Amino acid sequence: MTKVLIVGKCNSIVNWTEYTVEGFRQAGCEVDYFAVNGRNRAHSLYYKVLGAIEGDKTKVVAERLRRKLQEFQPDLVVYVMIASNWMSAYPFEVAQEACPKAIKVAWVGDKFTR
């Protein structure tokens, strides 16, 4: 069974992350997800506070992602991104270090013009 980790914003206005998780489940994959904005409001606040204390919320989120990747060991990592500019390169680098053999795919939902 293929193990898939979905990385994205949860409980957003369009629910892309949740729909992607459900689609892979329906396809028979073992699926887990990592919410870059936290699983709920309390978790989101935790990221913000810890980020303020440590000086960089992105690194806090990336280190949590590293733990999730090391625990789950996915075959495929799918980044569901509503906006292409909301996440720095660091979480992608962490994913490559934590799971070098996993395939990584980013789905960016923005419309690009010039």
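Here, the structure is the one placed above.
These numbers were taken from a predicted model, which means no experiment stands behind them.

Asker: Let's hear about the packing of helix α2 (residues 41-54) against helix α3 (residues 57-72): which residues, and what values?
Answerer: Each pair of packed helices can be summarised by the angle the axes make with each other and by the distance between the axes. Between α2 and α3, the shortest axis-to-axis distance is 7 Å and the interhelical angle comes to 120 degrees. Compared by their axis directions, α2 and α3 come out oblique. Where α2 crosses over α3, the handedness of that crossing is right-handed. For the pair α2 and α3, the contacting residues are Tyr46, Tyr47, Lys48, Leu50, Gly51 and Glu54 in the first and Lys57, Val60, Val61 and Arg64 in the second. Of the residues in the contact of α2 with α3, the class split is five nonpolar, one polar and four charged.

Asker: Give a detailed account of the environment of Ala89, specifying residues and quantitative values.
Answerer: With respect to the secondary-structure elements, Ala89 resides in the loop between β3 (76-81) and α4 (90-98). In the structure, Ala89 is positioned 56 residues away from Tyr33 in sequence and 19 Å away in space, judged by C-alpha atoms.

Asker: So what about the nonpolar core? Which residues, and what values?
Answerer: Core analysis: the largest hydrophobic core is formed by 19 residues, its most contacted members being Val7, Phe34, Leu69 and Tyr79. Breaking this core down by element, the ones donating at least two residues are β1 (3-8), α2, α3, β3 and α4. Ranked by residues supplied to this core, first place goes to α3 with five residues. Core analysis: the next-biggest nonpolar cluster, separate from the first, contains eight residues, Val21, Val31, Leu76 and Val78 among them.

Thresholds applied
- Residues numbered from 1 in each chain as written.
- Predicted model: local features only at pLDDT ≥ 70, side-chain atom pairs only at ≥ 80, totals over all residues.
- Heavy atoms only, no water.
- Axes fitted to C-alpha atoms, helices over the stretch in contact; angles between N-to-C directions.
- Helix = DSSP H or I, 4+ residues; strand = E, 2+ residues; numbered from the N terminus.
- Parallel < 35°, antiparallel > 145°, perpendicular 65-115°, else oblique.
- Left-handed = near helix turned anticlockwise from the far one by under 90°.
- Contact = heavy atoms within 4.5 Å.
- Nonpolar A, V, L, I, M, F, W, Y, C, P; charged D, E, K, R; others polar.
- Core = buried A, V, L, I, M, F, W, Y, C linked by side-chain atoms within 4.5 Å.
- Buried < 20%, exposed > 50% of the residue type's maximum accessible area, 1.4 Å probe, protein only.

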